[in-house]
Amino acid sequence: MIELRRVRFESIQGLRRDDLGTAGEIWLADLCAAVWATREAMKLGAHLVRYMVAPDPKLLTLSSIEGQIQIGREDVQFALRLLKLYRAVEDFTIEGDELRVALHLTSVQRLKVLEVRHRLAELMRAAAAEIQPSGRWVPAVTRNTEGQDELR
């Protein structure tokens, strides 16, 4: 089978498909906190995570990247080489105008994803317990001037 996704994590071992959004947020937050990350690398990283959340192949053409985040082909290549050097990206290819990237999710980042999933589940259970309705609420019915029932 031909892989159609153009940006993906090279490994999500231990994670579920529904964890990908959280993984992308954690990967991007770590990238933006890195002292070595350039402005272009951060912008490109945010663009790659945006693609992972809502895949649209048009987003990953170099001309689209240049138009949307205002960084040129050379800056994209430099940012990708920097991301690869610091292991935020496992590998990338640029074929013509199309970009493909394998993002690297570290074991610490995967652990953060699992912790966030667990903490979120706890908070959702606690919130559900607090918001138990005491009774069934039904909107009041009133009669309008024409004698028809209306909800308030």
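For the structure, check the block above.
All of these numbers come straight from a predicted model, not from anything done at the bench.

A. Spatial organisation of the nonpolar core. Residues Trp27, Leu44, Val101 and Leu103 are the most contacted members of the largest nonpolar core, which totals 35 residues. Mapped onto this core, the elements with two or more residues apiece are β1 (7–9), α1 (20–33), α2 (39–53), α3 (62–69), α4 (73–85), β2 (89–95) and β3 (98–103). For this core, the element with the most residues is α2, which contributes six residues. In contact with Trp27, not counting residues within four places along its chain, are Phe9, Gly45, Val49, Ala88, Leu103, His104, Leu105 and Gln109.

B. Highlighting the pairing of β3. As defined by bridge partners, β1 adjoins β3 across three bridges and the pair is classed as parallel. When the sheet's bridge partners are listed, Val7 is paired in β3 with Val101. Of the pairings in the sheet, the one linking β2 to β3 comprises six bridges and is antiparallel in character. Bridged to Glu95 within β3 is Glu98. A loop of two residues connects β2 with β3, the two strands running antiparallel in sequence, and Gly96 in this loop sits at a positive phi of about 65°.

C. The pattern of salt bridges, seen in detail. For the coordinates displayed, the defined rule picks out eight salt bridges. Notably, a salt bridge pairs Glu98 with Arg6, separated by 3.6 Å at the nearest N-O pair. Remark: Arg6 occurs in the segment before β1 and Glu98 occurs in strand β3; sequence separation between them is 92 residues. Here Asp91 and Lys84 are joined by a salt bridge, their closest N and O atoms 3.0 Å apart. A relative accessible area of 38% means that Asp91 is categorised as partly exposed.

Thresholds applied
- Residues numbered from 1 in each chain as written.
- Predicted model: local features only at pLDDT ≥ 70, side-chain atom pairs only at ≥ 80, totals over all residues.
- Heavy atoms only, no water.
- Core = buried A, V, L, I, M, F, W, Y, C linked by side-chain atoms within 4.5 Å.
- Buried < 20%, exposed > 50% of the residue type's maximum accessible area, 1.4 Å probe, protein only.
- Helix = DSSP H or I, 4+ residues; strand = E, 2+ residues; numbered from the N terminus.
- Contact = heavy atoms within 4.5 Å.
- Pairing = 2+ DSSP bridges.
- Salt bridge = Lys/Arg side-chain N within 4 Å of Asp/Glu carboxyl O.

In short, the description is geometric, and any link to function would need to be established separately.
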